[in-house]
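# Structure assessment
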Amino acid sequence: MEVGHCRSNHSVASASPELMSMKEWTVGAVASLRSRSEGGKQKLDKIVCSREFLSCALKIAHSLANQLSTVEEERAYKEKRPSEHDSKNKNDVPPVVEALDKSWSEYISVYCMTKPIEEEKKDDIGMNNNNISEGDEGHTSVDADFEPFPYNINHTVEPGELNNLAQQLSTLLENDDNRISIDYLNVRGAVLNEGAVEGRPLSDNGRLEIRSLGIAFYELFSGGHLTAGEEKETLGHTAAESRERFDESPMNSAMESLDTNGVGGGDELELFGHNPSKRRSQSNTSLDSLLRVRTPSMASTSVDVEPLRLLGLPTALCDLISNMIDSVGYAQRGIGEAYGYISEVRDDLKLMIDSPHVYLHDFDLAKASSDGLQFGRSLYGREAELQTLKECYQRSIQSECEVVMICGTSGIGKSMLSQKFARSVTEDGESIFLSGRFDKLESQPLHAISSAFDEYCAWVTLEEQSTAEKVSTALKENMGEEIAYLVTAIPNLANILGDDCDSNQGSENDTAGDAQKRLRYLFCQFVDIISRCHEEPLILFLDDCQWIDNASIALLNQILMMAESAIKDHRIFFLVACRDDEMSESHPLNLMLASVSSFGTRTTKLHLTPLSKGALNEMVSTELCLLPHITRPLANILHHKTKGSPLFVKQVMMELYKQRLLYPSLSRRRWVWEADKILDMKIPENVAIFITNSFDRLPFEVVSALVILSCFGASADISLMEVLERELEQAIIAPLDEAVAHSVLGKRNGEFYFMHDKLQEATYSKMKPEERCLHHNRYGLALGFVAARERDDRLLLTAVSQINHGGPQAVIDEEQAVVVANLNLGAGKKAMNMSDFYSAHSLFNHGISYLRRGHWNKHYDLSLELFNLAAKCALMNAEHDSLKMLTGQIMHNARCFEDKLQAISVTVTLQCWSGNVTASVELTNSTLSSLSEELPSVVTSATIKQYVDNKKAQLATLSDDNLLNYPAMVNPSKILAVELLIKLQICLAIIGEGATMTIIPLKVIQMSLTYGMSSYSPSAFAQYGNYLALIGDDFEEGCRYVKFALSLMKKGPSRYHDGITMFYSNHTKLHVEPMQSSIECYLDARKACLKSGSPFALSCSYTYNNLCLWSGKELNAVVVSMRDIIRESKYLKNFAILTIVLPMFRFAMRLMGQSDAPAPQQDEDGNAGKYGFHLHDMFFTKLSEAYIFRELNKARDAAEKYFSIYCTQTNTMKWCVLRRLSPPATFFGRFYAGLVSFWVAREINDKKKSKKWIQRGVECKDEIEKLSVLASKWNFQNKRLYGDAISSSKTHKFVNEEALANELAGYFYLETGRRNRSVHYFSQAFEKYNEWGAVAKANTLTAYLNESDRYR
């Protein structure tokens, strides 16, 4: 059983505080711990160094220091305001303590908890006797936050009682229910008793008080081993007095020699290690003799604490006691490390309690001597910023997507803050942290984002196999073959996908309309999938974003846009860091964040400032494992010289270590420094200059290797350096390893990396500007030949990047220039394969720059290919000025018309995109004429009929199998002619030229049957099927060719036109299949468009949402989806779609009774008129809204404009086109236009006008009737008379039309005087409108009935 002090107490049955003297506590605590050891014979040094004893003793010490700090603070208050003090009741003021001649330990009382002895029996446990070590993150039996007990305590322990206490403890009475045991290791605090309290002012500004408390601490932490008499005799010397005795000691010269020459490794260091037994044995001196004969200590340490050191107590604790005892001497004169205020003692004790792993861990001299000064991963002075980061993170994963930008100058601690944040949220598996870093010299496209996801793939493959399988399955299901394009950017993704992945699918001849859009979509899908496959939130951190490239900006932008919609329920947090002093307001990152912020994504900027003096002292204190009281002078000097830059501070401290101005001392058993010499050091104000100067002390071969490494950025693969070492025949790896030993570089995961990017910049600056180009060129050529020989694409990109950093001025002759131009051509093709047209454009332009005068004659094929590919990239990047220059050169120097065709094609697209549609149409028609594929100059109904009849006759002889086995089109000029026809169709759609649009698919089919099937043939057959079904009313033949188009699409090698083919095919399917299921096909079409980069993706989204609205899908879901379309339209600047979506969105919001819809734009009707068929859609929405909300005049005006679109023969052909492009405006438009027509006819008094409206209504009704017979009863039978409409709408799940039919029936019966019957229909309408989500409409119906005279 644990030994304890027992008292008889009949009334106490549970734990309660027990008061005793400090000496009584020390004896009891030592005895208690000794009794718990094996055999009960544990030695004193093991006991006082144990975690349990130190934790309790520190709590006692802190309580006393805290009590006296209150006295000290009160004294300072009274000195400032004596009049206020005089007026107060003295009993309300904490007592003032006089330092006494005898030990304070006689007047200290300790509070411990008690418990019944039977409980103690149950708590009999073993004890860990080890010292507090570096891994101790906390402490067991002590609460770090405690307050002193009240001062007026009468109980004291008589001195004679201590003499017999041990004997009393060993002869405890037998246990009974009326006895309690004192738990000496459950300390609640300590106080000074009244015997130590005097009312006189404290002499010597409180320093005698500090010294007296230090003497008491000496006895406390020695376990009560010294008596009060010994204290008087031995603790009377200050450090100054000790120094006089120590200077004559033979030990002094030996210690000074060790400190001056550096601490060597070896067994002799064990004397001051962590094992107190080794300390005694290797010094050939017993502990008992050292307690009697005090071994002189070092210069600034009192001789009297040496026994504490030899007990094994932590050096910091020994120094604290020594500096307290020295307070009367040195602190009085303002020099040395002695304490001047008791509050400083209190604060240092609190640090020992809170951070024992830092301040109670003895300094490892051997490790410091071998490894030098090492810095940990702790963060200093950023508590507020870290808390803000955590709050932003919580918001992001709980409610809304958020981006946080950490800003600040280089070396200010941005990366350290992000790493601390990452550790705080990933320690317990709370989140998955992905990180990447941009590099000024990095050549790989999308490097930072790709590397972040690449590391994720490597991690999940090794650590989360089950998750990897889920990710693999989801990727294959969602991306199909297109996933190969993503593998080129994320190589480790192949490990997740396994053997099914073919990463060589992509090529520079890829037919994707915008491969960049495709890759961004694939990345977004990847993020979506991994976020779904993990329960934990994802964090994406991108560092050094001041160097972010345009491709990464576009990708990050799209991921953020998606995070606000597609994956907003899957919790993702974005964190970026940048040097804002190197970024203007027009920096792409700033513009992108401003853009996403306007779309609703929250952005937070954290600006880091230099460390304060206090934070810097915390940093120095923690890194040197010394109390802040000791390191404050050094920290002040460092702050003065570095202005608080964390990186600068670390570099200066490393330099101080190298110059032996900061070094581990054997005599002091800690870090020491030469403050005067440090203060006199001349240090540049700029950290980069300081780092550059410090390199001068490195060996020449190390600097040379560092310079080579710096040419490749902040890091480089070791394998790359090995290749370069072999090719250059120059030592690189060994010198870089030496740089690692000098803490200039780090080495991990197969790469060398600079410890900070400032180190890389400083190394790079060691080269003269005129020499850099030669270095880059030399390294690039060496790697380029290896890449070509081994067909290593990644090495090729790295090699070409190095060559281009050198530039044309580094090329020695024309032969080398051609070699370099070809290398850029190959690298550019690889970049296109990775869908990075920004990098590809740069590479092609670099290749062009190496060509010498006369290259069109000497190297025509190389020149033509470089210019054509550069023009294609310029078009993708919207770099119109560059595109005009490139195409101009091609048109001027091309040797034949065929060589100009690619330039013509990109020019046509440029003119269309830039708004010059007329010029684009003219250039296309003239080019088609040159290719003998011209279109009729005038297209009439007869022309269309002739084209259709010819195609019917031609196709009638061919079965579907014959068509599927048709050969592919191979003639380049014919392939380009088909491409131009499709571009012409887009231009005509913009200007609303419907007649010619109608025959273009027929022309493409004609060319396909003559020259072979092209990638555009499936979409042409789909449009042909639409024409047969929707215009020719031949749904059977129309469905046949629609199905054939889908089959031909799947057979083709290109996926670019899949989305367009699916989009047109769905128009016919929508008429013949149940609408609720067939509209989902538009989502499949959208997905296919996104995979291929087709701009039709947004049209698919619009059509899908339009149909969802009119088919009765729950309104809230429709509105959420519409918000995403609006956001995407604004982001893509697609004002055509935005113009027709906004009225539809406002209508849906009005139905729901929500008021945050955007207001109508000025001249919205005029803007819609610019986009042909969009005007029709907009008027259809307006007339439908006015009809549902019973606004007669608005409904009539919108219907007039709606009907005016196809009132002439020419516009009839436009209407034919509209039926194929905008299906909601066909049968839904005709349905609501018919309802409005009959309503207007009933309400107006003009018979002539009424007859016209009735005629319009009948035409609409007849068309719906025809669709009901020829197409699908499911979709059209509900659009008839009231009874049939209600029944059919209910059966076919059109809840909106069921509500409308009931409402119209209610009006009919109300107007015909059958009020009771109308009530039933109105109540059904009210219920169905609410079911749809149209709460506002239901409320207006109720309001109408309440106001109606017929219901009064």
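About the cut-offs
- Residues numbered from 1 in each chain as written.
- Predicted model: local features only at pLDDT ≥ 70, side-chain atom pairs only at ≥ 80, totals over all residues.
- Heavy atoms only, no water.
- Helix = DSSP H or I, 4+ residues; strand = E, 2+ residues; numbered from the N terminus.
- Buried < 20%, exposed > 50% of the residue type's maximum accessible area, 1.4 Å probe, protein only.
- Contact = heavy atoms within 4.5 Å.
- Areas by Shrake-Rupley, 256 points an atom, 1.4 Å probe, with all protein chains shown as cover.
- Pairing = 2+ DSSP bridges.
- Axes fitted to C-alpha atoms, helices over the stretch in contact; angles between N-to-C directions.
- Left-handed = near helix turned anticlockwise from the far one by under 90°.
- Nonpolar A, V, L, I, M, F, W, Y, C, P; charged D, E, K, R; others polar.
- Core = buried A, V, L, I, M, F, W, Y, C linked by side-chain atoms within 4.5 Å.
- Salt bridge = Lys/Arg side-chain N within 4 Å of Asp/Glu carboxyl O.
- Phe/Tyr/Trp six-rings, centres within 6.5 Å; stacked < 30°, edge-to-face > 60°.
- Expected span 1.5 Å × (residues − 1).
- Arc of directions from axis to C-beta.

### Section: the overall build of the protein
On a plain count of helices and strands, the protein comes out with 68 helices and 14 strands. Scored against the burial criterion, the 1352 residues of the protein give a buried share of 58%. Pairs at least 24 residues apart make up 74% of the contacts formed inside the protein by residues separated by at least 6 positions. Accessible surface, the protein: about 56,300 Å² in total, of which carbon and sulfur atoms supply 49%.

### Concerning the pairing of strand S11 (residues 670–673)
Sheet topology note: the strand S10 (residues 662–665)/S11 ladder contains 4 bridges and is antiparallel. Paired with Ser 665 across the strands is Arg 670, a residue of S11. In this antiparallel pair of consecutive strands, S10 and S11, the connection spans 4 residues, and Arg 669 shows a positive phi of 60°.

### A word on the packing of helix H21 (residues 447–463) against helix H25 (residues 515–533)
Interaxial distance between H21 and H25 falls to 13 Å at its minimum, and their mutual angle equals 35°. Judged by the twist between their axes, the crossing of H21 over H25 is left-handed. Between H21 and H25, the residues in contact are Ile 449, Ser 450, Phe 453, Tyr 456 and Cys 457 and Phe 523, Phe 526, Val 527 and Ile 530, respectively. In terms of residue class, the contact of H21 with H25 is built from 8 nonpolar, 1 polar and no charged.

### Description of the nonpolar core
What tends to happen in soluble globular proteins is that the nonpolar side chains get buried as a cluster. Judged by nonpolar contacts, the single largest core of 189 residues is most densely connected at Phe 453, Leu 493, Phe 523, Phe 526, Leu 589, Leu 1109 and Tyr 1232. For this core, the leading source of residues is helix H57 (residues 1135–1152), giving 12 residues. Look past the residues within four positions of Phe 523 in its chain and what remains in contact with it is Leu 446, Ile 449, Ser 450, Phe 453, Leu 486, Ala 489, Ile 490 and Leu 555. Counting 117 residues, the second-largest nonpolar core is a separate cluster that includes Leu 638, Trp 673, Leu 851 and Ala 894.

### Points about the pattern of salt bridges
This structure, assessed with the given rule, holds 35 salt bridges. Between Lys 747 and Asp 737 there is a salt bridge, with the nearest N and O atoms lying 2.9 Å from each other. With Lys 747 in strand S13 (residues 745–748) and Asp 737 in helix H35 (residues 733–741), this residue pair connects regions lying 10 residues apart in the sequence. What makes Lys 747 partly exposed here is its relative accessible area of 44%. Among the ionic pairs, Arg 1256 bridges to Glu 1200, the shortest N-O distance being 3.4 Å. A residue pair is termed long-range when its members are at least 10 positions apart, and Arg 1256 in helix H63 (residues 1247–1270) and Glu 1200 in helix H60 (residues 1192–1204) qualify at 56 residues. In this structure Arg 1256 comes out as buried when scored by relative accessible area, which is 15%. One salt-bridge network, held together by shared partners, links Arg 309, Asp 319, Glu 337 and Arg 670.

### Structural notes on the packing of aromatic side chains
Applying the stated criterion across every chain, the model contains 30 aromatic pairs. Taking 5.6 Å as the distance between ring centres and 55° as the angle between the ring planes, the aromatic pair formed by Phe 648 and Phe 690 counts as tilted. In this pair, Phe 648 sits in helix H30 (residues 646–658) while Phe 690 sits in helix H32 (residues 687–694), placing the two residues 42 residues apart along the sequence. By relative accessible area, Phe 690 is classed as buried at 7%. Taking 5.2 Å as the distance between ring centres and 55° as the angle between the ring planes, the aromatic pair formed by Trp 1110 and Tyr 1232 counts as tilted.

### Remarks on helix H46 (residues 941–956)
The terminal C-alpha atoms of H46, which comprises 16 residues, lie 22 Å apart, in line with the 22 Å expected from a rise of 1.5 Å per residue. Taken as a whole, H46 has its buried residues at Thr 943, Ile 944, Tyr 947, Val 948, Lys 951 and Leu 955. End-on, the buried residues of H46 take up no more than an arc of 130°, which puts them together on one face. What points out from H46, more than 90 degrees from its buried face, is the exposed set Ala 942, Lys 945, Ala 953 and Ala 956.

### Comments concerning the pairing of strand S6 (residues 432–437)
What you see with S6 is a clean split: Ile 432, Leu 434 and Gly 436 sit on the buried side and Phe 433, Ser 435 and Arg 437 on the side with no burial. Across 6 bridges, the pairing between S6 and strand S7 (residues 538–543) is parallel. Paired with Arg 437 across the two strands is Asp 543, which belongs to S7.

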